[in-house]
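Residue-level structural notes
Below are the chains, spelled out letter by letter.
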Amino acid sequence: MTAKYFDFIIIGSGLAGLFASLNAAKYGTVALIFKTDLKVSNSYLAQGGVAAAISEHDSSYLHIQDTLKAGRELCDREAVEILVHEGKEIVESLIDGGMKFDSLNEDILFGLEGGHSTRRILHSNGDSTGAALVNFIFSEAVKNKNIQFFENFYAFKLLNDGLKCTGAACLNLLSKETVIFTGSNIIIASGGVSAIYPRSTNPDSTTGEGISLAYEIGAEIESMEFIQFHPTSFYSDSGETFLISEAVRGEGARLVDWKGERFLKRWDADELSPRDKVAEAMYNELKESGRPNLFLRLDHLNPSSVKERFRFIYKTALKYNVDITKDPVPVSPAAHYTIGGIKTDMFGATNISNLYAVGEAASTNVHGANRLASNSLLECLVFAKRAVEHSTINPASSITGTKMINPISFDARNYNQNLRIKEKVGKLLWEYAGIVRSEEGLTKAKSILSDYEDQVNSKKDEYFLQNGASIVLCAKLITESALMRKESRGCNIRSDFSASLAKFNATIILKKNAAPRFQEMNTKLEIKCV
Ligand code: SIN
């Protein structure tokens, strides 16, 4: 077992982790730890883009309004103001620094997505915005001598000296050696949990370990009931899927049923309604028809514009013999985004000293009960920078506590067992904590998960077994929160409570060995800008 000290220990290499690293490198040494490679993150896969009110036809006021409206009375207004104002500044500074967004004659081309009242989405390389942004920030980070990259390192425990978080114990997945990273500031940027669901737009590795690690050392976990389902994920009989960006509907694509008829109006929605509404309408339509999928049609749009704007989607669909410029594109909803996560304040700080969370792993309350499309890359940028700036107030730690760490092993024979747990839990969540939930289903899921918990908790000293335990824990957090929210709001749609209730204008917070609690939401602040 070896030990290393860095001023900043950042876990996760999506946009939030990379941007945090780049900012942290101004203040000290950085260990950027990630379990796979840079191309395996939700940020990298992001298609639609990044929302920022920088068009002359737009305003921060409108962006704030749209975010709050989509969030269904559960956004923290202060957090939303920070997101919109500081996000705009950061996006402008990235452009000044050389980040290229798609433009025509030097004018940025803004896309449209559900819930936005105007064209506001910056995109790059057509539908590969996440990859372009991640590569851009990475190209800066890799030149910085203060940042060391630890690829194929899996964080299996956060260290805590009783007063504060002091580091992370990691397994080097190649050498199988345990390495202890200690540091003054620990930032979790390891993404959400949506890959636990069998139909998901996320990379398979997005199963919420960062959230579990934080929970285990007493961090508060908030809003886990709000798993956002993306309405249009490609449907194939094999179960393979990939995202068909909402920006496709922004450019005029239409959702149709098996008769080729538009159906959304019947469910009080249209193609550019906020995501919760479109996903619910599709759920109802699928249930009523008994079909596994619906279709997106783009054949009325200009084929060369479609191929140029949606290069990745066009090429990927062709692999399934679907030409999106001509053929109906089979689609169905899939788990997409974890709105909740490790509870933070406006600076990414958690309730544990020196422990921060940013990006999809965090709950900053900017998304409320339903995230406005393309606000997540913006959140990564804004709160990663804030967390780093705030964390510089923490005095430097010395290396402590390494002797108390039990290393974990890596035994490939447990791979199948982990896969089985993931499949079982995924199926359970899909059925009982999917797009539409009920008391009966959630109670059943909770009881089954308790049994699984008993099975996995006794064996957590091996990589795959620990991963299985983390999956069960995250599923439990989702189920418990969904059970407590006895109303329908945003992404928590309950068949047994159809209305939103004012008494639930609060988030649900879970903490290990503590009673769950509701925290009233700060929705009362006036919007400061015009
Ligand atoms: C999309 O391109 O539809 C996804 C955008 C997002 O999830 O913000």
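Criteria and cut-off values
- As a convention, each chain's residues are numbered from 1 in the sequence order in which they are written.
- Per-residue local features of the predicted model are confined to residues with pLDDT of at least 70, and side-chain atom pairs are confined, for both listing and counting, to 80 or more; whole-chain, interface and lining totals are unaffected and use all residues.
- The side-chain quantities take in all heavy atoms of the structure and omit both hydrogens and water.
- Helix and strand definitions here come from DSSP, where helices need a minimum of 4 consecutive H or I residues and strands a minimum of 2 consecutive E residues; each element is numbered from the N-terminal end.
- Exposed residues in this analysis have more than 50% of their type's maximum accessible area, buried residues have under 20%, and partly exposed residues fall in between, with area computed by a 1.4 Å probe over protein chains only.
- Working rule for contacts: check all heavy atoms of both residues, and any pair within 4.5 Å makes them a contact.
- By this rule, a helix spans an expected 1.5 Å times one less than how many residues it contains.
- Think of a polar contact as two N or O atoms within 3.5 Å of one another; within protein, one of them needs to be a possible hydrogen donor and the other a possible acceptor, and neighboring residues in sequence only count if both atoms come from side chains.
- Pairing between two strands requires that DSSP report at least two bridges joining them.
- Note on definitions: angles span 0 to 180 degrees between N-to-C directions of axes, and those axes are lines fitted to C-alpha atoms, for helices only across the stretch in contact.
- When two rings of Phe, Tyr or Trp (its six-membered ring) have centres within 6.5 Å they constitute a pair, described as stacked for plane angles under 30 degrees, edge-to-face for angles over 60, and tilted for the intermediate range.
- Note on definitions. A residue lies near a molecule or strand when any single heavy atom of the residue is within 4 Å of it.
- Accessibility throughout is a Shrake-Rupley quantity obtained with a 1.4 Å probe, and a residue counts as covered only by protein chains that appear here.
- When residues are grouped by polarity, Ala, Val, Leu, Ile, Met, Phe, Trp, Tyr, Cys and Pro land in nonpolar, Asp, Glu, Lys and Arg in charged, and all others, Gly among them, in polar.
- Each nonpolar core is a collection of buried residues, namely Ala, Val, Leu, Ile, Met, Phe, Trp, Tyr and Cys, held together in the definition by side-chain atoms within 4.5 Å.
- The salt bridge criterion pairs a side-chain nitrogen of Lys or Arg with a carboxyl oxygen of Asp or Glu, the two atoms within 4 Å.

Side note on the side chain of Glu209
Relative to the helices and strands, Glu209 resides in helix 6 (residues 209-216). We classify Glu209 as buried; its relative accessible area is 10%. If sequence neighbours within four positions are ignored, Glu209 has contacts with Lys35, Tyr154, Asn467 and Ser470.

Observations regarding helix 8 (residues 275-289)
One full turn of an α-helix is made of 3.6 residues, so residues set three or four places apart face in the same direction. With 15 residues, helix 8 ought to run about 21 Å at 1.5 Å a step, and its terminal C-alpha atoms sit 21 Å apart, in line with that. Residues Arg275, Asp276, Val278, Ala279, Ala281, Met282, Glu285 and Leu286 constitute the buried set of helix 8. Buried-residue contacts for helix 8 involve strand 13 (227-234), helix 7 (246-250), strand 14 (254-256), strand 15 (294-297), strand 16 (329-338) and strand 21 (493-494). Immediately beyond the C-terminal end of helix 8, within one or two residues, lies Gly290, with a positive phi of roughly 75°.

Focus: the environment of His300
Locating His300 in the fold gives a position in the loop between strand 15 and helix 9 (303-309). Owing to a relative accessible area of 36%, His300 belongs among the partly exposed residues under this scheme. Spatially, the C-alpha atoms of His300 and Thr325 are 8.1 Å apart, while their sequence positions differ by 25 residues. If near-sequence neighbours (up to four positions away) are discounted, His300 is found in contact with Gly252, Ala253 and Arg254. At 2.9 Å, the side chain of His300 and the backbone oxygen of Gly252 are in polar contact.

So, the sheet that holds strand 13
Across the sheet, which stays open at both edges, the 4 strands sit in the order 13-16-15-14 with antiparallel pairing between neighbours. Edge positions in the open sheet fall to strand 13 and strand 14, since each of these has one partner strand only. Between one strand axis and the next, the sheet turns by 45° as a mean value, whatever way the strands run. Inspection of the sheet shows strand 13 paired to strand 16 by 6 bridges, in the antiparallel sense.

Thoughts on the packing of aromatic side chains
Aromatic ring pairs are reported here in terms of the distance separating the ring centres and the angle at which the planes meet. According to the stated counting rule, one finds 20 aromatic pairs in the structure shown. With a centroid separation of 6.0 Å and an interplanar angle of 25°, the aromatic rings of Phe242 and Tyr320 are classed as stacked. Taken as a pair, Phe242 in the loop between strand 13 and helix 7 and Tyr320 in the loop between helix 10 (311-318) and strand 16 lie far apart in primary sequence, 78 residues in all. For Phe242, a relative accessible area of 9% puts it in the buried group. A centroid spacing of 5.7 Å and a plane angle of 55° characterise the contact between Phe504 and Phe518, whose relative ring orientation is tilted. Of this pair, Phe504 sits in the loop between strand 21 and strand 22 (506-510) while Phe518 sits in strand 23 (residues 517-520); the two residues are 14 residues apart in sequence, bridging distant segments of the chain.

Some points on the site of the ligand
Near the ligand, the surroundings consist of Gln47, Gly48, Glu113, His230, Leu243, Ser245, Glu246, Arg275, His336, Arg371, Ala373 and Ser374. Within the contact set of the ligand, an oxygen atom lies 2.8 Å away from a backbone nitrogen or oxygen of Gly48. Between the ligand and the protein, one listed contact pairs an oxygen atom with a side-chain N or O atom of His336 at 2.7 Å. When the ligand is considered free in solution it has 250 Å² of accessible area, and contact with the protein chains removes 94% of it. In terms of residue class, the shell around the ligand is built from 2 nonpolar, 6 polar and 4 charged.

Things to note about the sheet that holds strand 22
Taken in spatial order, the 5 strands line up as 19-17-12-22-23 in an open sheet, and their pairing is mixed. A strand with exactly one partner marks an edge of an open sheet, and here the two such strands are strand 19 (362-363) and strand 23. Contacts between helix 14 (residues 463-484) and the sheet are confined to strand 12 (221-222), strand 22 and strand 23, with strand 22 contributing the most and set at about 140° to the helix.

Quick look at unusual backbone geometry
You will see that Glu106, though not glycine, has its phi angle at about 70°, which is positive. The residue Glu106 is located in the loop between strand 4 (103-104) and strand 5 (107-108) in this model.

Overview of the nonpolar core
Counting residues in hydrophobic clusters, the biggest one holds 63 residues, and the most contacted among them are Leu158, Phe181, Ile342, Leu355 and Val425. Looking at this core, the element that brings in the most residues is helix 14, giving 10 residues. Those residues in contact with Phe181 that lie beyond four places of it in its chain are Lys4, Phe6, Ile9, Ala31, Ile33, Phe150, Phe153, Leu159, Thr166, Gly167, Ala168 and Cys170. One finds Ala46, Ala132, Val134 and Tyr356 within the second-largest nonpolar core, a separate group that totals 52 residues.

Considering helix 14
An ideal rise of 1.5 Å per residue puts 32 Å on 22 residues; helix 14 measures up with 32 Å between its terminal C-alpha atoms. With respect to burial, helix 14 is a largely interior element, 20 of its 22 residues being buried. N-capping of helix 14 is provided by Glu462, with a side-chain oxygen placed 2.8 Å from the backbone N of Phe464.

Structural notes on the pattern of salt bridges
Under the defined criterion, the tally for this structure stands at 31 salt bridges. Residue Glu246 pairs with Arg249 through a salt bridge whose shortest N-O separation is 3.7 Å. Remark: Arg249 and Glu246 occur in helix 7; sequence separation between them is 3 residues, near one turn of the helix. Side by side, Glu246 and Arg249 carry an identical accessibility label, which is buried. In this structure, the salt-bridge partner of Glu487 is Arg489, at a minimum N-O distance of 2.6 Å. Assigned by exposure class, Glu487 and Arg489 land together as buried. A single salt-bridge network, built from bridges that share partners, covers Glu225, Arg485, Glu487 and Arg489.

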